[in-house]
Amino acid sequence: MTLPISLDAALAFQTLDDGGLSAPVPGHFSNGPSGMAPEKGFPFGGLLAALCAQSMRQGLALTAPLRTLSVQYLSAARFGEQVAFRPRLLRGGRNVVYAAVEAEQDGRLTHHATGTYGLDGATTPVTPLHLPPPSLDSLNPKATIHGPMAPHFSQHVEYRFDGGPNILGGNEGRPGVERTWMRMRNGRPLDEVGLCYLLDALYPPAWTLSKTPAAMTTVDLRIDILTDPTPQTAPDGWAFFESRMLDLGLGWTVDEAAAWGADGTPLALSRQRRKLLPQRTA
């Protein structure tokens, strides 16, 4: 498959006159169904998170590893038009650096993010989240996301589900959990922006509980990177992801995702709050 624009190309910023950075959101990074126009959906939150992380790193010349990214999605950007990213340093230090970025389109804020960066210590790690995943080769390559209802952004991802996909009621009567190997389809090495993209590259786990899932939109996404992926822990860019619904009610849903390396090394965690959209009455 030839992709219109790669993730790396989408993260290539232009420099603005005021020192900020800008990039458009191409339509094939929409979360709408691939059988429909991109405008039937919104810009994919995983790409926006990756843009926020990359704009802070590039705009502030940060060299320490990203450890926490927190994104608020304020309003939907228009596809194909430039979004301006203006990162700023909140506090620098020898051990921890705090940064923020505001993104806007024609003077309207679209999202805001903060990032925490810092070098790891030399202490011996304790990893209670260590969990060797099922063998990649043991899973059916056809257990993937495809068809006209697959979101546009999924064309950039290669999936291999463990017992899924279970969207539209496959987990009815069971916990809302989805497990899959994932990598960027072009096989790019897994890094911090790849983790930002892939941790959001599944449908909401609440959508596995009903054949008629409720419409929802992400308002907050937090990502904690525990261990930087390497070619050994993420061979050929592959990592194993588990998405789990935590709560659904009162107009909200909260879910979390975890990523593991091929040897069971915990790579990252994320937690996402989504707002249920009002249902239209006939």
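The paragraphs below set out a description of the structure included in this document. Model, not experiment: these values are computed from the prediction.

## Thoughts on the pattern of salt bridges
So, point 1. If you walk through the whole model with that rule in mind, you get 17 salt bridges.
So, point 2. Of the charged contacts, one joins Arg188 and Asp8 as a salt bridge, the two residues approaching to 2.8 Å between their closest N and O atoms. One end of the pair, Arg188, is in the loop between strand S8 (177-184) and helix H3 (192-198); the other, Asp8, is in helix H1 (residues 7-10), with 180 residues separating them in the sequence.
So, point 3. For Asp8, a relative accessible area of 40% corresponds to the partly exposed category.

## Points about the packing of aromatic side chains
So, point 1. Overall, the coordinates contain six aromatic pairs when judged by the stated rule.
So, point 2. Summarising the aromatic geometry, the rings of Phe44 and Phe153 are spaced 3.9 Å apart at their centres and angled 10° between planes, so their arrangement reads as stacked. Of this pair, Phe44 sits in the loop between strand S2 (21-24) and helix H2 (45-59) while Phe153 sits in the loop between strand S6 (108-118) and strand S7 (157-161); the two residues are 109 residues apart in sequence, bridging distant segments of the chain.
So, point 3. On the basis of relative accessible area, Phe44 is assigned to the buried category, the value being 2%.
So, point 4. In textbook terms, an aromatic cluster arises when at least three aromatic residues are bridged by ring pairs, as seen for Phe29, Phe44, Phe153 and Tyr197.
So, point 5. Above the face of the Trp252 ring, Arg273 is positioned so that its terminal group lies 5.2 Å from the ring centre.
So, point 6. Cation over ring: Lys275 sits above Trp252, and NZ or CZ is 4.9 Å from the ring centre.

## Brief notes about the sheet that holds strand S3 (residues 66-73)
Adjacent strands of a sheet pair through backbone hydrogen bonds, lying either parallel or antiparallel.
So, point 1. Taken in spatial order, the twelve strands make up an open sheet running S1-S2-S4-S5-S6-S3-S9-S12-S11-S10-S8-S7, and their pairing is antiparallel. Here the strands that pair on one side only, and so sit at the sheet edges, are strand S1 (14-15) and S7.
So, point 2. Examined bridge by bridge, S8 and strand S10 (residues 239-249) share six bridges and lie antiparallel to one another. Bridge pairing links Met182 to Ala239 in S10.

What counts as what
- Residues numbered from 1 in each chain as written.
- Predicted model: local features only at pLDDT ≥ 70, side-chain atom pairs only at ≥ 80, totals over all residues.
- Heavy atoms only, no water.
- Salt bridge = Lys/Arg side-chain N within 4 Å of Asp/Glu carboxyl O.
- Helix = DSSP H or I, 4+ residues; strand = E, 2+ residues; numbered from the N terminus.
- Buried < 20%, exposed > 50% of the residue type's maximum accessible area, 1.4 Å probe, protein only.
- Phe/Tyr/Trp six-rings, centres within 6.5 Å; stacked < 30°, edge-to-face > 60°.
- Lys NZ or Arg CZ within 6 Å of the ring centre and 35° of its normal.
- Pairing = 2+ DSSP bridges.

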